[in-house]
There are 2 protein chains.
Amino acid sequence: MLFRQFIDPESSTYTYLIASGSGREALIIDPVKERVSHYLAAIEQLNLKLVRAIDTHTHADHVTGLGDLREATGCITVMGEYTRAECVSEQVRDGDILDVDGILLQALYTPGHTDESFSLVLNAQKPEAVFTGDVLLIRGTGRTDFQNGDPAKSWDSIVNKLFRLPDDTLVHPAHDYKGWTVSSIGEEKRYNPRLAGKSLEEYTEIMRNLNLPDPKMMDIAVPANLSCGRPRKVA
Amino acid sequence: MLFRQFIDPESSTYTYLIASGSGREALIIDPVKERVSHYLAAIEQLNLKLVRAIDTHTHADHVTGLGDLREATGCITVMGEYTRAECVSEQVRDGDILDVDGILLQALYTPGHTDESFSLVLNAQKPEAVFTGDVLLIRGTGRTDFQNGDPAKSWDSIVNKLFRLPDDTLVHPAHDYKGWTVSSIGEEKRYNPRLAGKSLEEYTEIMRNLNLPDPKMMDIAVPANLSCGRPRKVA
């Protein structure tokens, strides 16, 4: 499998380009608008054909590259079924399987950070990795204080869905702010300080008291992302 | 194989923690002093025993974590035989093989960025990856204008040594400034703009005209790294 992780240093976003090999169809997860030229260079140089661009959720901290990638490559833009983005070509439901040239990604509805967040399980028959967006981060979890976020739903998504994956399933989140690039389900069960040994009540208390400032790009990013990062057309 | 890449956002340094599995001996390549607490957390949580900490060369842009890691774990500190660092426990020569619990890394002398730079080839019998330090970067090469750097030696190291590895050998450099995390020998042969289709003379011209400012930490980092990142003891 061809697997490439990209970093947007500005927003500490991780983006994933995946294909079954050079010369094959590819998909990309959580692309950032400002980095689209890099993804396109990699896609060309690795001799790939981008067929799907997926956002795990409506990001509040960066503008999505979905629209620009669709314009440049003709790829299908994908989000979960509860998205409010107006320009998504394909909406996936819980349990749906995306098949890109033999790369199988199963959609898993994991609300909590937002009410429309999905995770994607690679090879769900025998899970190898999960792309968790912002619901489960490395030794952290995505904030739950805007876009209909909810600590109890975050807990349920993580503990009752993601943590049922095998311990050796790799965790590929949409962000890390400490310089870590990957984790595993087993590690997060044991060492995530917000979850390990905690109850739902303790988790809710932690999440309600984070007191984080709004993401600096939130007022720009959320409206832009509801139109896939493309300027809204006014009739 | 357990493989973890860490990022130091300050210097865009990539550090690699490798072991044959959880509960095994591990090695680390190009650790950054300011991130040592993160490496130690990962080493503990992954149930590893750090036995070797390796610098590919004397870095000019960050202070090495070798000294702190040796103090914390008792690991052996490793550099190439031409290092001038005073506190290196083990010096490797061209062709030497480091065996850490079955992880085999062959030292390859690749001067050019500095006159004491080594690369490390993972499983040299059937090369899987190469850790290139700063001599070969992703779509770039390390500057050659200080620490006895030399464009002709850089060219020779890359074209006549690294590029003889199989095309599918993964390239893990010590830095990237564009958000790319990995490459391959085949990609760099074809798409590295300083090398693909270029002659030695053209490469030398490119490298002599980069006109880069000195790294901002150079005056601190180089002297500190000659003592493995630990303050020099004055008798």
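A brief report on the enclosed structure follows.

Criteria and cut-off values
- Residues numbered from 1 in each chain as written.
- Chains lettered and ligands numbered in written order.
- Predicted model: local features only at pLDDT ≥ 70, side-chain atom pairs only at ≥ 80, totals over all residues.
- Heavy atoms only, no water.
- Disulfide = S-S within 2.5 Å.
- Helix = DSSP H or I, 4+ residues; strand = E, 2+ residues; numbered from the N terminus.
- Buried < 20%, exposed > 50% of the residue type's maximum accessible area, 1.4 Å probe, protein only.
- Core = buried A, V, L, I, M, F, W, Y, C linked by side-chain atoms within 4.5 Å.
- Contact = heavy atoms within 4.5 Å.
- Pairing = 2+ DSSP bridges.
- Axes fitted to C-alpha atoms, helices over the stretch in contact; angles between N-to-C directions.
- Phe/Tyr/Trp six-rings, centres within 6.5 Å; stacked < 30°, edge-to-face > 60°.
- Salt bridge = Lys/Arg side-chain N within 4 Å of Asp/Glu carboxyl O.
- Least-squares fit on C-alpha atoms with pLDDT ≥ 70 in both.
- Buried area = accessible area lost by both parts, 1.4 Å probe.

## Concerning the state of the cysteines
Residue and element names in this part refer to chain A.
For step 1, the next point in the chain: Counting across every chain of the model gives two disulfides over all chains.
For step 2, the next point in the chain: A sulfur-sulfur separation of 2.1 Å characterises the disulfide bridge that pairs Cys87 with Cys228. Note on the Cys87 and Cys228 pair: the S-S dihedral is about 110°, so by sign convention the disulfide is right-handed. Taken together, the residues Cys87 in the loop between β5 (76-80) and β6 (90-92) and Cys228 in the segment after α6 (218-225) connect sequence positions 141 residues apart. For the pair shown, Cys87 and Cys228 are each scored as buried.
For step 3, the next point in the chain: In this structure Cys75 is not part of a disulfide, and its nearest cysteine sulfur, from Cys228, lies 9.7 Å away.

## Side note on the nonpolar core
For step 1, the next point in the chain: Membership of the largest hydrophobic core comes to 42 residues, with the highest contact counts inside it found for Ile29(A), Leu105(A), Ile29(B) and Leu105(B).
For step 2, the next point in the chain: Apart from residues no more than four positions distant in its own chain, Ile29(B) is found in contact with Tyr14(B), Thr15(B), Tyr16(B), Ile18(B), Ile54(B), Thr56(B), Leu105(B), Leu120(B) and Phe131(B).

## Some words on the sheet that holds strand β2 (residues 13-19) of chain A
All names here are of chain A.
For step 1, the next point in the chain: A sheet is described by the order of its strands in space; here six strands give the open sequence β1-β2-β3-β4-β5-β6, paired in mixed fashion. This sheet does not close on itself; its edge strands, each paired only once, are β1 (2-8) and β6. For this sheet the average axis-to-axis angle between neighbouring strands, irrespective of direction, equals 25°.
For step 2, the next point in the chain: Pairing between strand β3 (residues 25-29) and strand β4 (residues 49-54): five bridges, direction parallel. Looking at β4, one finds that Ile28 is bridged to Ala53.
For step 3, the next point in the chain: The sheet strands contacting helix α1 (residues 36-45) are β1, β2, β3 and β4, and the helix crosses β2 at an angle near 20°.
For step 4, the next point in the chain: Where helix α2 (residues 66-73) meets the sheet, its contacts fall on β3, β4 and β5, and the angle it forms with β4 comes to roughly 160°.

## A word on the packing of aromatic side chains
Residues and elements named next belong to chain A.
For step 1, the next point in the chain: Applying the stated criterion to the full structure yields 18 aromatic pairs over all chains.
For step 2, the next point in the chain: Their ring planes at 70° and their centres at 5.5 Å tell us that Phe6 and Tyr39 sit as a pair that is edge-to-face. Residue Phe6 is located in strand β1, and its partner Tyr39 is located in helix α1; the two are separated by 33 residues in the primary sequence. The same class applies to Phe6 as to Tyr39, namely buried.
For step 3, the next point in the chain: One aromatic cluster is present, formed by Phe3, Tyr16 and Phe131 through successive ring pairs.

## Let's talk about the pattern of salt bridges
Pairing between side chains of opposite charge can happen when their charged atoms approach one another.
For step 1, the next point in the chain: Within this structure, the stated rule accounts for 28 salt bridges over all chains.
For step 2, the next point in the chain: In this structure, Asp101(B) and Arg24(B) form a salt bridge, with 3.1 Å as the shortest nitrogen-oxygen distance. Residue Asp101(B) is found in the loop between β7 (97-100) and β8 (103-109), and its partner Arg24(B) is found in the loop between β2 (13-19) and β3 (25-29); the two are separated by 77 residues along the sequence.
For step 3, the next point in the chain: On the basis of relative accessible area, Asp101(B) is assigned to the partly exposed category, the value being 26%.
For step 4, the next point in the chain: We note a salt bridge from Asp145(B) to Arg143(B), for which the minimum N-O separation is 2.9 Å.
For step 5, the next point in the chain: Through salt bridges with shared partners, a single network forms among Arg4(A), Arg139(B), Glu187(B) and Glu188(B).

## Notes on unusual backbone geometry
Residues and elements named next belong to chain B.
For step 1, the next point in the chain: One non-glycine residue, Arg139, adopts positive backbone phi at about 60°.
For step 2, the next point in the chain: Mapped onto the fold, Arg139 is located in the loop between β11 (136-137) and β12 (140-141).
For step 3, the next point in the chain: Although it is not a glycine, Asn148 adopts a positive phi angle of roughly 55°.

## Section: the relation of the copies chain A and chain B
For step 1, the next point in the chain: Screw-axis analysis of chain A against chain B gives a translation of 0.0 Å along the axis, an RMSD of 0.0 Å, and a rotation angle of 180°. When the rotation and shift are considered jointly, the pair of chain copies conforms to a two-fold rotation axis. Across chain A, the rotation axis passes nearest the C-alpha of Pro9(A), at a separation of 3.8 Å.
For step 2, the next point in the chain: Residue by residue, 100% of the interface of chain A is reproduced at the interface of chain B, so both copies engage with the same surface.

## Section: the interface of chain A and chain B
For step 1, the next point in the chain: Contacts between the two partners involve 21 residues from chain A and, on the opposite side, 21 residues from chain B.
For step 2, the next point in the chain: Across the interface of chain A and chain B, roughly 1,900 Å² is buried in total on both sides, 52% from carbon and sulfur atoms.
For step 3, the next point in the chain: The largest per-residue losses of area from chain A upon contact with chain B belong to Arg4(A), Gln45(A) and Trp180(A), which jointly make up 32% of the total buried on that side.
For step 4, the next point in the chain: The interface formed by chain A and chain B holds two salt bridges in total.
For step 5, the next point in the chain: Arg4(A) is paired through a salt bridge with Glu187(B); the nearest N and O atoms lie 2.6 Å apart.

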